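# Geometric and topological summary
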Amino acid sequence: TVSSGINAEYGGDVGTFGTSVMVTNDMMERMNEKQFHGMIHCGDISYANKFNHSRPDKAEQKVWDTWGQMVEPLGSKLGYMVVPGNHELDIYDSTHENGTIYSKRFIMPGNERYFSFGVGMVYFVAVSTDESIDANSTQGAWFKNVLTEANENREQYPWLVVYQHRPIYNSNKKHQNWEGREFNTSSRYVNPEIIGWTDNFPYLIVEHNVDLMLMGHVHHYERTWPMKNPETWEESYENTKYPVHITCGHSGKHLYKWYTNRTSGEKFDTYSFNDPGWVASRSNGYWGHCELDFIDKTTVEHRMYRMNEKTPTERVVITRSISSSKILSASTALISTLLLLLH
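Residues numbered from 1 in each chain as written. Predicted model: local features only at pLDDT ≥ 70, side-chain atom pairs only at ≥ 80, totals over all residues. Heavy atoms only, no water.

## Some remarks on the sheet that holds strand β1 (residues 6–11)
- Taken in spatial order, the six strands of this open sheet run β3-β2-β1-β15-β16-β17, and their pairing is mixed. Unpaired on one side and paired on the other, β3 (79–82) and β17 (314–319) mark the two borders of the sheet. The mean inter-strand angle of the sheet, taken between neighbouring strand axes irrespective of direction, is 20 degrees.
- Note that strand β2 (residues 38–41) and β3 share four bridges and pair parallel. (Pairing = 2+ DSSP bridges. Helix = DSSP H or I, 4+ residues; strand = E, 2+ residues; numbered from the N terminus. Axes fitted to C-alpha atoms, helices over the stretch in contact; angles between N-to-C directions.)

## Some details on the sheet that holds strand β14 (residues 279–283)
- Pairing is mixed across the open sheet formed by seven strands, whose spatial order is β4-β5-β6-β7-β11-β8-β14. Every other strand in the sheet has two partners, leaving β4 (115–119) and β14 as the edge strands with one partner each. Here the average twist between neighbouring strands, direction ignored, is 15 degrees.
- In terms of strand pairing, strand β8 (residues 221–224) meets strand β11 (residues 244–248) through three bridges, oriented antiparallel.

## Looking at the confidence of the model for the protein chain
- Confidence in the prediction for the protein chain averages 88 pLDDT; 85% of positions are at 70 or higher.
- This model gives residues 51–56 a pLDDT under 50, and the stretch forms six contacts once residues within four places in sequence are excluded.
- Across residues 329–343 the pLDDT falls below 50, and counting only partners more than four positions away or on other chains, this stretch makes four contacts in the model. (pLDDT = per-residue confidence, 0-100. Contact = heavy atoms within 4.5 Å.)

## Notes on the nonpolar core
- One finds W67, Y163, L212, L214 and F294 to be the most contacted residues of the largest nonpolar core, which totals 53 residues.
- Per-element accounting of this core gives the leading share, six residues, to helix α2 (residues 60–75).
- The residues contacting L212, other than those within four sequence positions of it, are L160, V161, V162, V244, L292, F294, V300 and I318.
- Counting 27 residues, the second largest nonpolar core, distinct from the first, contains I168, Y169, V206 and M227. (Core = buried A, V, L, I, M, F, W, Y, C linked by side-chain atoms within 4.5 Å. Buried < 20%, exposed > 50% of the residue type's maximum accessible area, 1.4 Å probe, protein only.)

## Some remarks on the packing of helix α1 (residues 18–33) against α2
- It is the contact of α1 with α2, at a shortest axis distance of 9 Å, that shows an interaxial angle of 15 degrees. By the angle between their directions, the pair α1 and α2 is classed as roughly parallel. Crossing angle aside, the handedness with which α1 passes α2 is left-handed. From α1, S20, V21, T24, M27, M28 and M31 reach across to α2, where they touch M70, V71, P73 and L74. (Parallel < 35°, antiparallel > 145°, perpendicular 65-115°, else oblique. Left-handed = near helix turned anticlockwise from the far one by under 90°.)

## Re α2
- Of all the bends in α2, the largest measures some 35 degrees and sits at Q69, one to four residues before the proline P73.
- Among all positions in α2, only E60, V63, W64, W67, M70, V71 and L74 are buried.
- In this fold, the buried residues of α2 make contact with β1, α1, β2, β3, α3 (86–89) and α4 (100–105). (Bend = angle between axes of the 7 residues up to and from the residue.)

## Some thoughts on the pattern of salt bridges
- Inspection of every chain in the model, using the stated rule, returns 17 salt bridges.
- Salt-bridge contacts for R223 lead to E314; the nearest nitrogen and oxygen are separated by 2.9 Å. Here R223 is found in strand β8, whereas its partner E314 is found in strand β17, with 91 residues between them in sequence.
- Ionic pairing is found between E291 and R303, a salt bridge with its closest N-O pair at 3.0 Å. Note that E291 is positioned in strand β15 (residues 288–296) and R303 in strand β16 (residues 299–306), a separation of 12 residues in sequence. For the pair E291 and R303, a shared accessibility class is recorded, and that class is buried.
- Three or more residues are tied together by salt bridges with common partners; here these are R30, E33, K34, E291, D293, E301, R303 and R315. (Salt bridge = Lys/Arg side-chain N within 4 Å of Asp/Glu carboxyl O.)

## Digging into the packing of aromatic side chains
- Overall, the coordinates contain 19 aromatic pairs when judged by the stated rule.
- Ring geometry for F268 versus F273: centroids 5.6 Å apart, planes at 65 degrees, classification edge-to-face.
- Aromatic rings pair up to connect W64, W67, Y80, Y102 and F106 into one cluster.
- The ring of Y256 has K174 sitting right over it, with the charged end atom 5.8 Å from the ring centre.
- A cation over a ring is seen here: R320 above W159, with NZ or CZ 5.7 Å from the ring centre. (Phe/Tyr/Trp six-rings, centres within 6.5 Å; stacked < 30°, edge-to-face > 60°. Lys NZ or Arg CZ within 6 Å of the ring centre and 35° of its normal.)

## What to know about the packing of helix α5 (residues 138–152) against helix α6 (residues 200–207)
- As a packed pair, α5 and α6 sit with axes 10 Å apart at the nearest point and diverge in direction by 5 degrees. The orientation of α5 with respect to α6, classified from their angle, is roughly parallel. Facing F143, K144 and L147 of α5, the residues of α6 in contact are F201, L204 and I205.
- Class assignment for the residues of the contact of α5 with α6 results in five nonpolar, no polar and one charged. (Nonpolar A, V, L, I, M, F, W, Y, C, P; charged D, E, K, R; others polar.)

## Observations regarding the side chain of N284
- Assignment of secondary structure puts N284 in the loop between β14 and β15.
- Overall, N284 belongs to the buried group, its relative accessible area being 5%.
- Looking at N284, its side chain comes within polar contact range of the side chain of D269, at 3.1 Å.
- When sequence neighbours within four positions are dropped, the list of residues in contact with N284 reads N172, H220, L255, Y256, K257, D269, T270 and Y271. (Polar contact = N/O pair within 3.5 Å; in protein donor to acceptor, adjacent residues only side chain to side chain.)

## As for the environment of P202
- With respect to the helices and strands, P202 occurs in helix α6.
- Taking the C-alpha atoms as reference points, P202 and P243, 41 residues apart in sequence, are found 9.9 Å from one another.
- With residues up to four places along the chain from it excluded, the contact list for P202 reads I168, Y169, G196 and W197.

Below, the structure written as structure tokens:
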């Protein structure tokens, strides 16, 4: 049997700024209007940034405290699920963080950096984008196993949602598509190799019929068409067979509205000269948050609210194709039966 509807708020890149407070207040006001079962925070949580030169040593804990007090009215009333961003995990980045404070502040399932859990009719899988996810990595092997098991239980969890920090597809020039990182010593720090994000990961999310991808990192809002890759997508949300990627990274931190050409010094809009066909909607000029309303086993409504606005700027209904997941589940069951017969 399939459980009744599930509702969730989500966003990323919040911090403790004035806009962070206003967006969080918007989400709390929405809670007074509608029941939500959980909050998904797609990384870059408080921006405490350990050893940040703008703050004295150990002051980052005060920033974490401020963030906790800000979201307490929200987090005390629903499940507040997070995933680490580069500002929580990447010690080799400018943040100097190594995940220690993140692991002390939050109690998540599994190893707390990547994990999975089911709520009603939805199965959520959180992955850590600052770690490798190739087939030979610990996270990559785990991710494949989780997706395989999730597809075997599509009758219980018809919706499969992956959430993470960095998006693998992005049209904002301030950040490129997340492709991992080569080993290098060109910066002040030795950057370890992070692989699997350009090949194994995109393959797995399509092969295992992931329905929605939720991200942050890029400080804007972007929603794609259902897409297999940047060359293959479908301009319809009816009976989707590819994942829909939604970046909701405009929940508090400064927006990525402008970038400066390093050679000429000219200032350009971050959407200049880059308008890929797989983008269905995007905005780099407004803060806000997003919501998901899983209505039944084939229908979800996605909403995006701009900061301080009472009605959604976007309301998009997405229906999923159940045939592909049924075929995959049936194929898995058939293979298992054949293996038993062979033995």
